Amino acid sequence: MRVAIGNDHAGLALRAVLIELVESLGHEVVDFGTDELQVADYPVFAARAARAVRDGQADLGIVICGTGIGSSIAANKVRGVYCALCSDVYSARMARSHNAANVIALGGRVVGVGLATEIVRAFLGTEPSAEPRHVRRRELVRKLEAGSDLAEQG
Ligand code: RB5
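Let us look at the structure shown here.

What counts and how
Residues numbered from 1 in each chain as written. Predicted model: local features only at pLDDT ≥ 70, side-chain atom pairs only at ≥ 80, totals over all residues. Heavy atoms only, no water. Axes fitted to C-alpha atoms, helices over the stretch in contact; angles between N-to-C directions. Helix = DSSP H or I, 4+ residues; strand = E, 2+ residues; numbered from the N terminus. Parallel < 35°, antiparallel > 145°, perpendicular 65-115°, else oblique. Left-handed = near helix turned anticlockwise from the far one by under 90°. Contact = heavy atoms within 4.5 Å. Core = buried A, V, L, I, M, F, W, Y, C linked by side-chain atoms within 4.5 Å. Buried < 20%, exposed > 50% of the residue type's maximum accessible area, 1.4 Å probe, protein only. Near = heavy atom within 4 Å. Polar contact = N/O pair within 3.5 Å; in protein donor to acceptor, adjacent residues only side chain to side chain. Areas by Shrake-Rupley, 256 points an atom, 1.4 Å probe, with all protein chains shown as cover. Pairing = 2+ DSSP bridges. Right-handed = clockwise from strand over helix to strand, strands pointing away.

### As for the packing of helix 4 (residues 89–97) against helix 5 (residues 113–124)
Here comes step 1: Interaxial distance between helix 4 and helix 5 falls to 8 Å at its minimum, and their mutual angle equals 20°. In terms of orientation, helix 4 and helix 5 fall into the roughly parallel class. Our pair here, helix 4 against helix 5, has a crossing hand that is right-handed. Across the interface between the two elements, Val89, Ala92, Arg93, Ala95 and Arg96 of helix 4 pack against Leu115, Glu118, Ile119, Ala122 and Phe123 of helix 5.

### Describing the nonpolar core
Here comes step 1: In this structure, Leu18, Ile62, Leu106, Val120 and Phe123 are the most contacted members of the largest nonpolar core, which totals 25 residues.
Here comes step 2: Going through the elements one at a time, strand 1 (2–7), helix 1 (12–24), strand 3 (60–65), helix 4, strand 5 (103–107) and helix 5 are the ones with two or more residues in this core.
Here comes step 3: If you look at the next biggest cluster of nonpolar residues, it comprises 16 residues, including Ala49, Ala58, Ala74 and Ala75.

### Describing the site of the ligand
Here comes step 1: Near the ligand the following residues occur: Asp8, His9, Ala10, Tyr42, Cys65, Gly66, Thr67, Gly70 and Arg109.
Here comes step 2: Residue Thr67 places a main-chain N or O atom 2.9 Å away from an oxygen atom belonging to the ligand.
Here comes step 3: Take Gly70: an N or O atom from its main chain is 2.9 Å from an oxygen atom of the ligand.
Here comes step 4: About the coverage of the ligand: the protein hides 70% of its 290 Å² of free accessible area.

### Looking at the pairing of strand 2 (residues 28–31)
Here comes step 1: Bridge count for strand 1 against strand 2 is 4 bridges, and the pairing is parallel. Of the residues in strand 2, the one forming a bridge with Val3 is Val29.
Here comes step 2: Each parallel crossover has a hand, and the one from strand 1 via helix 1 to strand 2 is right-handed.

### Description of the sheet that holds strand 3
Here comes step 1: With respect to topology, 5 strands assemble into an open sheet ordered 2-1-3-5-4, the strand pairing being parallel. Bordering the open sheet on either side are strand 2 and strand 4 (83–85), each of which pairs with just one other strand. The average undirected angle you get between the axes of adjacent strands in this sheet is 25°.
Here comes step 2: Strand direction decides the pairing type here: strand 1 and strand 3, joined by 5 bridges, are parallel. Within strand 3, the position partnered with Ala4 by the bridge is Gly61.
Here comes step 3: With respect to the sheet, helix 2 (residues 42–54) is in contact with strand 1, strand 3 and strand 5, its orientation differing from that of strand 1 by roughly 170°.

Here it is as structure tokens:
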């Protein structure tokens, strides 16, 4: 797989570890930085990684900032991107399995290196579930995205 990575200054430490992890798992990293210590604006880097996923330049994405919150909000503004902020392994697995999230957000000031590694390992190693109820719910999210208010759903 090709995995896009985008981070701000607060995601720098985690970024280095996760790039190594992704490559050690046999995937290719599509790196959108930043790799500099100076203060960087998370929406810029999260959007670059998210757009790479939307455009098919990457299969999945990882965005990192201090909390992961800003990056997840920014990534989710890119249509076709479903970004899940995860601080535990179970959520990362479910984000892929139930929600078919294609980008994961992490907080570099929230999760330690060991936990982040396990979270990303779970995210990359889980496929979206084909169970009809999950597919249906994901379709409803896409309808929302297309402007539906889902009123017909009762
Ligand atoms: C930067 O200080 C911090 O606000 C940013 O990394 C992120 O946590 C925003 O959500």
